[in-house]
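Read off the chains here:
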Amino acid sequence: MNTPAVGDVCPSRRYTHSRLQLFRFSAVSWNSHRIHYDADFAASEGFPDVVVQSTLHGQTLTRYALEWAGPDAHPESVSWRNVTTAVAGEPLIWTATVRTVAPCDSGVRVTLDVRVLKDDGGPCVTGHVDLTCRAARTSPSAAPSRDPATS
């Protein structure tokens with residue numbers, strides 16, 4: 001990744017969550033609330049289909065931020081707020097804008113303002129993802145030595 005600049009807009013990502021994905025995410029996250037895997041129960045609670053888990057939104061925000069930043073990035077922190085409910089099969093759009101870029105010991109620290117939008121453009125989730133991106137090596141001498149230290 002080239003060093004981003006404040007205000008850079010990340011390419012958006014369109015996606016949907018399937019009922020199977022929500023069921024599996026409930027299983028691996030030990031979330032036993034039936035609105036996330038039982039469509040009839042979700043309907044009895046007033047939802048049009050099973051509901052996307054809050055923590056799955058957080059995972060999605062992080063995954064797409066890391067895909068944007070590249071293989072030398074790792075997450076420092078993630079925070080988000082659910083604005084409205086999303087359900088299985090509903091088209092969603094991940095968007096992000098670079099809020100800050102600051103040098104750090106291992107490269108640069110980047111803060112993204114992230115959002116998940118509904119198909120009509122309305123916000124579903126808002127938040128921030130902080131990433132550390134390792135500095136690119138510019139020459140072979142910048143690579144750490146693999147030879148044992150000698151004295």
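Residues numbered from 1 in each chain as written. Predicted model: local features only at pLDDT ≥ 70, side-chain atom pairs only at ≥ 80, totals over all residues. Heavy atoms only, no water.

A. Representation of the pairing of strand S5 (residues 123-134) within the structure. Bridge analysis of strand S2 (residues 73-82) against S5 gives nine bridges, and the strand direction is antiparallel. Residue pairing across strands places Asn82 opposite Val125, the latter belonging to S5. Relative to S5, strand S4 (residues 107-118) is paired through 11 bridges, and the arrangement is antiparallel. Within S5, the position partnered with Arg115 by the bridge is Thr126. The antiparallel pairing of S4 with S5 creates a hairpin that spans four residues between the two strands, and Gly121 there sits at a positive phi of about 95°. (Pairing = 2+ DSSP bridges. Helix = DSSP H or I, 4+ residues; strand = E, 2+ residues; numbered from the N terminus.)

B. How the structure looks around a nonpolar patch on the surface. Together, Leu20, Phe23 and Tyr37 give the surface a local cluster of nonpolar side chains, amounting to about 290 Å² of exposed area. Here Phe23 shows up in helix H1 (residues 19-28). Overall, the relative accessible area of 45% leaves Phe23 in the partly exposed class. (Patch = residues over 30% accessible without salt bridge, like charges linked within 9 Å, V, L, I, M, F, W, Y side chains within 5 Å. Areas by Shrake-Rupley, 256 points an atom, 1.4 Å probe, with all protein chains shown as cover. Salt bridge = Lys/Arg side-chain N within 4 Å of Asp/Glu carboxyl O. Buried < 20%, exposed > 50% of the residue type's maximum accessible area, 1.4 Å probe, protein only.)

C. Broad picture of the sheet that holds S5. Reading across from one edge, S1-S3-S4-S5-S2 is the order of the five strands in this open sheet, with antiparallel pairing throughout. At either margin of the open sheet sits one strand with a lone partner, and together these are strand S1 (13-15) and S2. Adjacent strand axes in the sheet meet at a mean angle of 20°, parallel and antiparallel pairs treated alike. Contacting S1, S2, strand S3 (92-104), S4 and S5, helix H3 (residues 54-69) crosses the sheet at an angle of about 140° to S2. (Axes fitted to C-alpha atoms, helices over the stretch in contact; angles between N-to-C directions. Contact = heavy atoms within 4.5 Å.)

D. A look at H1. Leu22, Phe25 and Ser26 are the residues of H1 that are buried. Buried residues in H1, looked at end-on, bunch into an arc of 100°, giving them a common side. Among the exposed residues of H1, those oriented more than 90 degrees off its buried face are Arg24 and Val28. Contact partners of the buried residues in H1: H3. In the segment just after H1, Trp30 is the residue with positive phi, at about 55°. (Arc of directions from axis to C-beta.)

E. How the structure looks around unusual backbone geometry. A positive phi is found at Trp30, a non-glycine position, where the angle reads about 55°. Looking at the element boundaries, Trp30 is found in the loop between H1 and helix H2 (39-44). Given a relative accessible area of 77%, Trp30 falls into the exposed group.

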